[in-house]
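Each chain, letter by letter, is given below.
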Amino acid sequence: MAAPTALAATLAPPALDELCINTLRFLAVDMVQKANSGHPGLPLGSATMAYTLWDRLLKFNPQDPLWPDRDRFVLSAGHGCALLYALLHVTGFDLSVEELERFRQWGSRTPGHPEYGKTAGVEGTTGPLGQGFANAVGMAIAEVSLAARFNRPGHQIVDHYTYVLASDGDLEEGISSEAGSDAGHLRLGKLIVLYANNHITIEGSTELAFTEDRMARFAAFGWHVQHVEQSNDLEALESALRTAQQETSRPSIIAVRTHLGFGSPHKQDTAAAHGEPLGVEEVRLTKEGLGWPVAPLFHIPEEALEHFREAVKRGSTAQTDWERRFQIYGNEHPDLAAEFERVIARQLPKGWDADLPTFTSADGPMATRIASGKTIEVLASHLPELMGGSADLAPSTHTNMEGAGNFEPENWAGHNMHFGIREHAMGAILNGMALHHGLIPYGGTFLVFSDYMRPPMRLAAMNHLPVIYVFTHDSLAMGEDGPTHQPVEQLLGLRSIPGIVVLRPADANETVAAWRIAIGRNEGPVALVLTRQGLPVLDLTHYPAIPEGVPLGGYILADCDAGTRPDVILIATGSEVHLALESRDRLAKEDIQVRVVSAPSTNLFSAQSDEYRDEVLTPGVPLLAIEAGVSLGWRSYVGPQIEVIAVDTFGASAPGPVVMEHYGFTVDNICSRAHHLLLKTQRKS
Ligand SMILES: Cc1ncc(C[n+]2csc(CCOP(=O)(O)OP(=O)(O)O)c2C)c(N)n1
């Protein structure tokens, strides 16, 4: 093990800098020690590079953490968040020392990993390794996209960097390769990654599992690569960062040879410094070794604080200068300035939904993916902030916006994104775009591949991010590609994510209503689940309840005779609604009173009042649910009086209608199950 004090001595930065760096180190160490939980190693090893960035380059205003043209800093290695909280406190963000003392405690603003929305200055929730890295790619995409839209000669209104602090784990996760490849391809020159290359992960040395030449990998992705061998060499760090800034045509990564647990005599450069407190005795030795007082805890020397707090003045000057420039820009380009303010505030323009299409039965049969594509076209003409694409399936997902141009290095003004076959990175990039503000991001793939992007979808929901997913080929009915491509458990899986709204519309008009919800929803992600196959259009003249019913998640689409109580209720989603309607017609001939409930979103329906849900699903009336997905979940609606026609196995390769028939999605089967249900409930009563 390297002798830490010797290393510190040979590279001792000037006294004040050293004082500041040690302040960060020991605030973090004390936080972890007091909480008796957390990760002291990364803060000890990476404090110098974080300090260099925050002290000498990062553009931010602690008193206005959301100033739109601030640089973004993403701590992708979220487990090292004690370092971030220390930085936020000392530089003057709204985070008191008491909050540092309450690290990882109930209700504190210093949770175990950075949580977006909880702590001023935290740009995104991180902790699941690799996500922050890919979020940053999304932020850098948003920056160049908004710059292309809003900057004018002499007016650099959008002009900031995105910085990332990443660890070995971030680079090991596949998502950083997906996102890194995309960023290199897109030539995102204002994305700068500091890589804490400390050779240690939880199980020990990176020699155990991570031996490739990482920087050669990034060079091959088209990145600009630098190395800094001495992690405490401020001048080398600053110089590398400035070189990275000047490299405008490639994203940059700087591999900094850091030492996990720097300064800890028995734990530096060992996995023991990673995920547990140093221990009281080791803390004492580390403090003594680096010339730090053992007591008091959470010690912040006055000179250090004074120096750190210069960030407040610096930030306010930078922001005031930007505001002055924005004012001049506004005088010359009032419409653009107003638009900029609107999109950053995530406000929708008046009349954004005025021209949304209404489809008639003459338009059918129409797949809901086609209806979605037509709706996107109209939305795009009213919402220039709409930006998205697909993971190489646009011809199938119908996510392209005609005339919007490709978003590519030669044309950052384009709004059609080509994520490549990188669903995981797509999900996280969409999150980064949403975190940045200024765009409405969407991404598409087949429903079955939503599994590849579930981690960022979970984070989108946790972060309340307005991200839209367009998932097509939504059931067995997609046919010949077989069970690998036929989603079965995905609907239930997505619905189970707290805070997400999953919408599976039954036809073209429900699809329009679903898009209206997706665009209007600011508080979390929406997944649109759409068919490959054509479906009849539910004409609004016969089904006027659609526009107001869809936002309620479930509604009476076709009722039994006025004044009568239904004998049975058929509740269905998506394409199965049409089978329910046909079954209703057939059962009516036998004098069986049937109500059909369309339930495009069980998430939204569950959120309605008990009264409303009782109105729709009259208590005591037997219920038959029909959905080409797993049955789990449906039984929670009513209990024993429910039967479910579902798929509790995998699908099969054959033409869609054949598969659906084999799995019981036929009018015959629905009618016979309805009879059975009626008999069963009559016997019981
Ligand atoms: C996706 C994911 N898998 C696993 C973990 C658990 N975990 C937390 S930190 C870590 C690895 C730590 O090594 P490194 O990334 O090099 O961080 P450092 O040792 O530098 O702190 C792991 C596996 C995680 N946070 N996210």
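Details of the structure are given in the entry above.
The paragraphs below set out a description of the structure included in this document. What you are looking at is a predicted structure, and each value in this text was computed from that prediction instead of being measured.

The rules behind these values
Residues numbered from 1 in each chain as written. Predicted model: local features only at pLDDT ≥ 70, side-chain atom pairs only at ≥ 80, totals over all residues. Heavy atoms only, no water. Helix = DSSP H or I, 4+ residues; strand = E, 2+ residues; numbered from the N terminus. Rg over C-alpha atoms; globule rule 2.2 N^0.38 Å. Contact = heavy atoms within 4.5 Å. Areas by Shrake-Rupley, 256 points an atom, 1.4 Å probe, with all protein chains shown as cover. Lys, Arg positive; Asp, Glu negative; His and termini not counted. Charge placed at Lys NZ, Arg CZ, Asp CG, Glu CD. Pairing = 2+ DSSP bridges. Axes fitted to C-alpha atoms, helices over the stretch in contact; angles between N-to-C directions. Near = heavy atom within 4 Å. Polar contact = N/O pair within 3.5 Å; in protein donor to acceptor, adjacent residues only side chain to side chain. Nonpolar A, V, L, I, M, F, W, Y, C, P; charged D, E, K, R; others polar.

1. Side note on the overall build of the protein
And step 1. From N to C terminus, the protein includes 25 helices and 18 strands.
And step 2. Taken against the 2.2 N^0.38 rule, which gives 26 Å for 685 residues, the C-alpha radius of gyration of the protein at 28 Å falls within 12% of a compact globule.
And step 3. Taken over the C-alpha atoms alone, the protein extends approximately 90 × 60 × 45 Å along its principal axes.
And step 4. Considering only residue pairs separated by 6 or more positions, the protein has 77% of its internal contacts joining residues 24 or more positions apart.
And step 5. By element, 53% of the accessible surface of the protein is carried by carbon and sulfur atoms, the whole surface being about 25,200 Å².
And step 6. Where the 51 positive side-chain charges of the protein centre and where its 82 negative ones centre are 2 Å apart.

2. Notes on the sheet that holds strand β1 (residues 72-75)
Hydrogen bonding along the main chain pairs the strands of a sheet, whether they run parallel or antiparallel.
And step 1. Spatially, the 5 strands line up as an open sheet ordered β1-β2-β3-β7-β6, and their pairing is parallel. One side of each edge strand has no neighbouring strand; the edge strands of this open sheet are β1 and β6 (224-228). Looking at each pair of strands side by side, their axes are set apart by 15° on average, direction ignored.
And step 2. With 5 bridges connecting them, β6 and strand β7 (residues 252-256) associate as parallel partners. The residue of β7 that forms the bridge with Val225 is Ile253.
And step 3. Along the sheet, helix α3 (residues 41-56) contacts β1, β2 (162-166), β3 (191-196) and β7; its crossing angle with β3, the most-contacted strand, is approximately 160°.

3. Quick look at the site of the ligand
And step 1. Residues in close proximity to the ligand total 15 residues, the closest being His79, Gly127, Ser167, Gly169 and Asn198.
And step 2. At 3.1 Å from an oxygen atom of the ligand is found a side-chain nitrogen or oxygen belonging to His274.
And step 3. Across the complex, the protein chains shield 74% of the 580 Å² of accessible surface that the ligand would expose by itself.
And step 4. Sorting the residues of the shell around the ligand by element identifies α7 (168-172) and β4 (200-201) as the ones contributing at least two each.
And step 5. Taken together, the residues that form the shell around the ligand break down as 6 nonpolar, 7 polar and 2 charged.

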